[in-house]
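Tertiary structure, described
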Amino acid sequence: MVAAALVFFCAANLQAAGDEKNGHAYFTKAELPNMANILPAPPAFESARFVADQSQYLWGKLMRLDEERCAQAQRDAVYSMQTIIDEFGGIFGVEITKEGTPEIYSILQDVCASCDSIYSDAKAHFNRMRPYAYYNEGTIVPEKEEKHRNEGSYPSGHTVLGWTSALLLADINQSNEAMEGLLARGYEFGQSRVIAGYHWQSDVDAGRMAGSVLYQLIRNHERFIEQLAKARAEFAEKTAVSTSLGNVIRIDEAAHAQKNNSSARIYHLDGTPANEASQGILIQNSQKVVRK
């Protein structure tokens, strides 16, 4: 019985760690640039620059009085792919599940799995004290305080996860409305770390920069390029009944291309010519069709 309980406990911990742990990172740590050589050093304590961090720490404490925003910051404190799915899914426009959207799920899994490696060396290098440790005050996530008390706070790893995930999801759903919503939520994901008391504002700002560097590198990875094409096609198929402006524009572009090339009457959503063997969502005679 004891052995069975231990197995159950370990399995539960593995699941709680997040499905991104089963993803395939695009790079090893050695293949990535060292952010300690790119980021500026964090503001020295008691320096003029540090005053801004102190001001934002007080702002974060005030934001805790907003029950809704405080609850959001507590949810954002759970570092996992499932948190990203739960918090960003409604804005993204399609429910992300392993079974229902396997391509989107897979690429998100791999991107999330890539995040740790871009910031860990910089955290160790700068070894900056966290706000709650500096002030010897509590946070809104007290159960994590001892675990992270002696862990460097610069740059913020949660911010890397939230910002990079937002960039990815906005790369799949490319409508302006979705992009605005996803990037705004990605920004708030980082601000949640200030509200929680776990990071200084400059930690969060550096986390966004690290996430942007990582995503730029990922976008040029051959495996990612193939995955992104499949994820976009899957998203388009799931939203085939949509009449959003983005889809209307693509139909018009395909119709215009057809007029200039009467021999090609089937097009992909991006306006490039297709053929009778092409599958997915296509434009045929200015009409959207699905071919499997």
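Some details on the state of the cysteines
One pass over the full model with this rule turns up zero disulfides. Here Cys115 stays unpaired: no disulfide links it, and the sulfur of Cys112, its closest cysteine neighbor, is 5.7 Å away.

Things to note about helix 6 (residues 116-126)
All of the buried residues in helix 6 are Ser117, Ile118, Tyr119, Ala122, Lys123 and Phe126. Looking at the buried side of helix 6, the elements it contacts are helix 5 (102-114), helix 9 (157-172) and helix 11 (201-219). One or two residues past the end of helix 6 sits Asn127, with phi positive at roughly 45°.

What to know about helix 4 (residues 81-92)
Taking 1.5 Å per residue as the helical rise, helix 4 with its twelve residues ought to reach 16 Å, whereas the 14 Å between its terminal C-alpha atoms falls clearly short. Listed as buried for helix 4 are Met81, Thr83, Ile84, Ile85, Glu87, Phe88, Gly89 and Phe92. Where helix 4 is buried, its residues meet helix 3 (67-76), helix 5, helix 9, helix 10 (176-196) and helix 12 (222-238). Residue Gly93 follows helix 4 closely and has a positive phi angle near 105°.

Re unusual backbone geometry
Geometrically, the link from Tyr154 to Pro155 is a cis peptide bond, its omega value of -5° lying close to zero. Inspection of the secondary structure assignment puts Pro155 in the loop between helix 8 (145-148) and helix 9. Although it is not a glycine, Asn127 sits at a positive phi angle of roughly 45°. With respect to the helices and strands, Asn127 occurs in the loop between helix 6 and helix 7 (131-135).

Comments concerning the packing of helix 9 against helix 10
The geometry of helix 9 relative to helix 10 is characterised by a closest axis approach of 8 Å and an angle of 175° between their N-to-C directions. Compared by their axis directions, helix 9 and helix 10 come out roughly antiparallel. Of the residues in helix 10, those in contact with His158, Thr159, Gly162, Trp163, Ala166, Leu167, Leu169 and Ala170 of helix 9 are Met179, Leu182, Leu183, Gly186, Tyr187, Phe189, Gly190 and Arg193. Partitioned by chemical class, the residues of the contact of helix 9 with helix 10 number ten nonpolar, five polar and one charged.

Some words on the packing of aromatic side chains
Counted according to the given criterion, the structure contains 16 aromatic pairs. Ring centres 5.0 Å apart and planes at 75° place the aromatic pair Phe45 and Phe50 in the edge-to-face group. Take Phe50: its relative accessible area is 0%, and that puts it in the buried class. Ring geometry for Phe50 versus Tyr134: centroids 5.5 Å apart, planes at 75°, classification edge-to-face. With a gap of 84 residues between them, Phe50 in helix 2 (residues 48-63) and Tyr134 in helix 7 connect regions that are remote in the sequence.

Some remarks on the nonpolar core
By size, the foremost hydrophobic cluster in this structure holds 45 residues, and its most contacted members are Phe92, Ile96, Ile107, Leu108, Leu168, Ile172 and Phe224. Among the secondary structure elements, those contributing two or more residues to this core are helix 4, helix 5, helix 6, helix 9, helix 10, helix 11 and helix 12. Tallying contributions element by element places helix 9 first for this core, with seven residues. Ignoring anything within four residues of it in the chain, the contact list for Phe92 reads Ile104, Leu169, Ile172, Asn173, Leu182 and Phe235. The next biggest cluster of nonpolar side chains, apart from the first, holds nine residues, and it includes Ala73, Tyr132, Val141 and Tyr198.

Description of the side chain of Gln227
Relative to the helices and strands, Gln227 resides in helix 12. There is a polar contact of 2.6 Å between the side chain of Gln227 and the side chain of Tyr26. Excluding residues within four positions of it along the chain, Gln227 makes contact with Tyr26, Ser106, Ile107 and Asp110.

The rules we used
Residues numbered from 1 in each chain as written. Predicted model: local features only at pLDDT ≥ 70, side-chain atom pairs only at ≥ 80, totals over all residues. Heavy atoms only, no water. Disulfide = S-S within 2.5 Å. Buried < 20%, exposed > 50% of the residue type's maximum accessible area, 1.4 Å probe, protein only. Helix = DSSP H or I, 4+ residues; strand = E, 2+ residues; numbered from the N terminus. Contact = heavy atoms within 4.5 Å. Expected span 1.5 Å × (residues − 1). Axes fitted to C-alpha atoms, helices over the stretch in contact; angles between N-to-C directions. Parallel < 35°, antiparallel > 145°, perpendicular 65-115°, else oblique. Nonpolar A, V, L, I, M, F, W, Y, C, P; charged D, E, K, R; others polar. Phe/Tyr/Trp six-rings, centres within 6.5 Å; stacked < 30°, edge-to-face > 60°. Core = buried A, V, L, I, M, F, W, Y, C linked by side-chain atoms within 4.5 Å. Polar contact = N/O pair within 3.5 Å; in protein donor to acceptor, adjacent residues only side chain to side chain.

By themselves, these are just geometric observations and shouldn't be taken as functional.
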